[in-house]
Amino acid sequence: MDKKIVQSDNAPRPIGPYSQGVITPPGLLFTAGQIPIDPATGELVQGDIKAQTRQVLENLKSVLTAGGTSLRAVVKTTVFLKDLKEFVLMNEAYSEYFQESPPARSAVEVSRIPKDAKVEIEAVAIVDHT
């Protein structure tokens, strides 16, 4: 099976032995979970869950673009929240990025996210090979 590694300079560099994204036949891009790191500074974005969610989605957008696709082609996301009580606020920011035909989604509370972030999101998107 052939796979293509996706790397974007406009998203944070991996902080471990993983790729930002991997494209597999028949044209699906699986992203690594993105946390709210500002790629310009390498630092965690401070602020509320909405600010962190927006940064996460900007990072995801950069990985998707590097893989030849976009947020419009996302078919599934998984949202990891440090505190499920912040779901409504996260959802407000999330909905800014998925206004039409939103992807399927799971959202779960986890005990800890790298760098003590409030949110992490991973995605699966279709890559158009035409």
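Remember, predicted model here, so these are calculated numbers, not experimental data. (Residues numbered from 1 in each chain as written. Predicted model: local features only at pLDDT ≥ 70, side-chain atom pairs only at ≥ 80, totals over all residues. Heavy atoms only, no water.)

A.B. asks: Tell me what's going on with the sheet that holds strand 3 (residues 28–31), and back it up with residues and numbers.
C.D. replies: Strand order across the open sheet formed by six strands is 1-2-3-8-6-7, with mixed pairing between neighbours. Two strands lie at the open edges of the sheet, namely strand 1 (4–6) and strand 7 (104–109), each paired on one side alone. Neighbour to neighbour, the strand axes of the sheet diverge by 15° on average, direction disregarded. The pairing of strand 1 with strand 2 (residues 21–24) spans three bridges and is antiparallel. Looking across to strand 2, one finds that Ile-5 is bridged to Val-22. Sitting on the sheet, helix 1 (residues 49–66) is in contact with strand 1, strand 2, strand 3, strand 6 (74–81) and strand 8 (119–126), with an inclination near 30° to strand 8. (Pairing = 2+ DSSP bridges. Helix = DSSP H or I, 4+ residues; strand = E, 2+ residues; numbered from the N terminus. Axes fitted to C-alpha atoms, helices over the stretch in contact; angles between N-to-C directions. Contact = heavy atoms within 4.5 Å.)

A.B. asks: Account for the pairing of strand 6, with residues named and values stated.
C.D. replies: Within strand 6, six of the eight residues are buried, which leaves the element mostly enclosed by the surrounding structure. Across six bridges, the pairing between strand 6 and strand 7 is parallel. Looking at the pairing, Thr-78 lines up with Ser-106 of strand 7. Following the backbone out of strand 6, through helix 2 (residues 87–97) and into the adjacent parallel strand 7, one traces a crossover that is right-handed. (Buried < 20%, exposed > 50% of the residue type's maximum accessible area, 1.4 Å probe, protein only. Right-handed = clockwise from strand over helix to strand, strands pointing away.)

A.B. asks: Any details on the side chain of Glu-86? Residues and values, ideally.
C.D. replies: Its place among the elements puts Glu-86 in the loop between strand 6 and helix 2. Among buried Asp, Glu, Lys and Arg side chains, Glu-86 stands out as unpaired, with Lys-118 the closest opposite charge at 4.2 Å. In this view, Glu-86 contacts Ile-49 and Lys-118; residues no more than four positions away in its chain are not counted. (Lys, Arg positive; Asp, Glu negative; His and termini not counted. Salt bridge = Lys/Arg side-chain N within 4 Å of Asp/Glu carboxyl O.)

A.B. asks: Describe the packing of aromatic side chains, listing the residues and the values that go with them.
C.D. replies: The tally for this structure, following the rule as stated, stands at one aromatic pair. The lysine or arginine in question, Arg-105, covers the ring of Tyr-94, its NZ or CZ lying 4.5 Å from the ring centre. (Phe/Tyr/Trp six-rings, centres within 6.5 Å; stacked < 30°, edge-to-face > 60°. Lys NZ or Arg CZ within 6 Å of the ring centre and 35° of its normal.)

A.B. asks: Explain unusual backbone geometry to me, using residue names and the numbers behind them.
C.D. replies: What is expected of a backbone is that most residues other than glycine have negative phi and most peptide bonds are trans. Note the cis peptide between Pro-25 and Pro-26, where omega equals 10°. Residue placement: Pro-26 occurs in the loop between strand 2 and strand 3. Of note, the phi angle at Lys-115 is positive, near 60°, even though the residue is not glycine. Position of Lys-115 relative to the elements: it lies in the loop between strand 7 and strand 8. One non-glycine residue, Asp-116, adopts positive backbone phi at about 55°. Structurally, the position occupied by Asp-116 is in the loop between strand 7 and strand 8.

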